Amino acid sequence: MSMRDRLLVLVACVTVLACVAGVAVWHASARADRRNHVQAGGPAVSAGRVSLAPGGGPRIVFRSMAWGPHRDELTSVPAAAPDGPRVASGVKCLRFSAAGGTGICLQAERGAINDSYDAVVLDADLRVERRVPLAGIPTRARVSPSGRMAAWTVFVGGDSYAGTDFSTRTSILDTRTGALQASLEDYAITRDGHRLHAADVNFWGVTFADDRHFYATLATGGHTYLVRGDVAARTVTTLRTNVECPSLSPDGTRIAFKKRVPGLSSDAPWRLYVLDLATLRDHPVAETRDVDDQAVWSDDATLAYALPGDYGSDLWTVPASGAGAPRRLTASALAPAWLP
């Protein structure tokens with residue numbers, strides 16, 4: 001092949017690749033634009049006032065993923081009508097949690113080259129009280145029952161809990177004093193009665209018992225552990241293995257969590273379980289699909305969690321007892337908080 005022919009082949013290849021890239025960008029842009037238009041048959045969403053204040057009546061506040069001008073905004077619905085019309089706040093969050101009149105909103109700042117992320121503390125009227133830059137992609141968030149303490153987890157390497165090639169950073173913030181514990185990896189770890197020193201430690205999925213004590217997942221040496229932590233002492237102690245993304249029941253007696261079940265696909269390894277803290281015995285709930293979420297207790301008897309849906313994710317509920325059957329709570333929603 002002559003030099004001229006080689007150049008022609010090279011030009012043709014470059015042209016084809018440019019066309020393919022252009023089509024891909026066009027499709028992505030078109031899909032992004034479609035997300036700004038209301039989906040047929042989707043929930044009704046309108047702008048209004050959303051409050052986190054206690055005493056506003058039983059309601060659910062969550063990230064609405066319904067296509068339209070209010071996509072990704074915090075929205076509110078009555079707890080008795082979860083599939084009813086939504087009131088949108090104008091505040092966008094990737095992850096969200098709220099309690100005691102305080103919210104934690106993990107946000108994205110879209111850049112021309114790279115995105116950045118912040119943890120934003122919100123007051124009861126969704127006003128920004130504090131903003132903390134994040135070191136990675138947001139994945140989990142929780143607020144203590146009083147609203148004083150907030151915690152979040154980000155991916156700083158990798159982007160999935162399913163495999164082993166990932167790294168997380170979990171932080172705890174005192175929203176009253178502004179004191180930030182930037183990484184739980186600075187805590188002293190006790191495993192089986194002995195101090196643990198390991199370079200591969202990761203934490204994620206904090207759930208608060210009160211303003212001092214919490215539970216979380218610790219990963220090290222290819223194993224995951226449920227740990228109980230003490231914010232003041234900066235210590236964690238392992239309780240048992242194979243517990244991820246714990247969520248403490250309102251009565252403080254049980255932990256809902258995702259458990260790796262032998263024999264399942266490595267891409268979908270989890271089932272939703274409930275652990276009795278007094279006996280450390282667990283049982284599965286009636287949901288048999290893979291749940292990659294930190295469940296929320298809507299009350300002492302019911303769990304809520306996200307599963308993939310047509311427009312991102314849908315919220316489902318299932319009895320914590322193991323009886324009954326899962327049911328879809330509402331479509332196009334993520335990261336719910338039940339408020340009184």
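Since the model is a prediction, treat every value here as computed from it, not as a measurement.

What counts as what
As a convention, each chain's residues are numbered from 1 in the sequence order in which they are written. Predicted model: local features are reported for residues with pLDDT of at least 70 only, side-chain atom pairs are reported and counted for 80 or more only, and whole-chain, interface and lining totals are derived from all residues. The side-chain values count all of the structure's non-hydrogen atoms but skip hydrogen atoms and water molecules. Our working definition of a disulfide is a cysteine sulfur pair at a distance within 2.5 Å. Per the convention used, a helix needs a DSSP run of H or I reaching at least four residues, while a strand needs a run of E reaching at least two, with both numbered from the N terminus. For every residue, the accessible area (1.4 Å probe, protein chains only) is compared with the maximum for its type, and the residue is labelled buried under 20%, exposed over 50%, or partly exposed between those bounds. In this text, buried Ala, Val, Leu, Ile, Met, Phe, Trp, Tyr and Cys residues form a nonpolar core when linked through side-chain atoms within 4.5 Å. Whether two strands pair depends on DSSP finding at least two bridges between them. Note on definitions: angles span 0 to 180 degrees between N-to-C directions of axes, and those axes are lines fitted to C-alpha atoms, for helices only across the stretch in contact. Aromatic pairing here means that ring centres of Phe, Tyr or Trp (its six-membered ring) are within 6.5 Å. Orientation follows from the plane angle: under 30 degrees is stacked, over 60 is edge-to-face, and everything else is tilted. Any Lys NZ or Arg CZ found within 6 Å of a ring centre and within 35 degrees of that ring's normal is scored as a charge over the ring. Counted as salt bridges are all cases of a side-chain nitrogen of Lys or Arg within 4 Å of a carboxyl oxygen of Asp or Glu.

A. Representation of the state of the cysteines within the structure. Taken as a whole and judged by the stated rule, the model has one disulfide. Here cysteine 93 connects covalently by a disulfide to cysteine 105, the sulfurs 2.0 Å from one another. Taking the sign of the S-S torsion, about -115° here, the bridge from cysteine 93 to cysteine 105 comes out left-handed. Highlighted residues: cysteine 93 in the loop between β4 (86–92) and β5 (95–99) and cysteine 105 in strand β6 (residues 102–109), separated in sequence by twelve residues. For the pair cysteine 93 and cysteine 105, a shared accessibility class is recorded, and that class is buried.

B. A look at the nonpolar core. Residues Leu52, Val61, Leu74, Val91, Phe96, Leu122 and Leu126 are the most contacted members of the largest nonpolar core, which totals 24 residues. For this core, the secondary-structure elements that each account for two or more residues are β2 (59–64), β3 (73–78), β5, β7 (116–122) and β27 (333–339). If one sorts the elements of this core by residue count, β27 sits on top with five residues. Within the second largest apolar cluster, 18 residues are counted, among which are Leu184, Ile189, Leu196 and Val231.

C. Up close: the sheet that holds strand β17 (residues 223–230). Strand order in this open sheet of six strands is β14-β13-β18-β17-β16-β15, and the pairing throughout is mixed. Looking along the sheet, the strands with just one partner apiece sit at the ends: β14 (194–196) and β15 (202–208). This sheet shows a mean twist of 35° between the axes of neighbouring strands, independent of strand direction. Examined bridge by bridge, strand β13 (residues 188–191) and strand β18 (residues 235–241) share three bridges and lie parallel to one another. Residue threonine 190 lies in a different strand from β18, and its bridge partner there is threonine 237.

D. Just the packing of aromatic side chains, in detail. In total, this model carries three aromatic pairs according to the counting rule given. With 6.1 Å between their ring centres and 65° between their planes, tyrosine 187 and phenylalanine 214 make a pair best called edge-to-face. Of this pair, tyrosine 187 sits in the loop between β12 (180–181) and β13 while phenylalanine 214 sits in strand β16 (residues 213–220), and the two are 27 residues apart along the sequence. In terms of burial, tyrosine 187 and phenylalanine 214 fall into one category: buried. Looking at lysine 258, its charged tip hangs above the ring of tryptophan 270, at a distance of 3.7 Å from the centre. We note arginine 289 situated over the ring of tryptophan 316; from NZ or CZ to the ring centre the distance is 4.0 Å.

E. Quick peek at the pattern of salt bridges. The final tally for this structure, using the stated rule, is 20 salt bridges. In this structure, glutamate 244 engages arginine 260 in a salt bridge whose closest nitrogen and oxygen atoms are separated by 2.7 Å. Residue glutamate 244 is located in strand β19 (residues 244–248), and its partner arginine 260 is located in strand β20 (residues 254–260); the two are separated by 16 residues in the primary sequence. The exposure class of arginine 260 is partly exposed, given its relative accessible area of 27%. Its salt-bridge partner being arginine 289, residue glutamate 287 comes within 2.8 Å of it at the nearest N-O pair.

F. Unusual backbone geometry, seen in detail. One non-glycine residue, aspartate 72, lies in positive phi territory at about 75°. Considering the arrangement of structural elements, one finds aspartate 72 in the loop between β2 and β3. Look at aspartate 72 and you get buried, because its relative accessible area is 19%. Of note, the phi angle at aspartate 192 is positive, near 50°, even though the residue is not glycine. The residue aspartate 192 is located in the loop between β13 and β14 in this model.

G. Region of interest: the pairing of strand β21 (residues 270–276). Of all seven residues in β21, six are buried; the element is thus mostly enclosed. Sheet topology note: the β20/β21 ladder contains seven bridges and is antiparallel. Paired with alanine 256 across the two strands is valine 274, which belongs to β21. Relative to strand β22 (residues 282–284), β21 runs antiparallel, the two being bridged by three bridges. The residue of β22 that forms the bridge with valine 274 is histidine 283. Hairpin connection of β21 to β22: five residues between the antiparallel strands, including leucine 280 at a positive phi of 60°.

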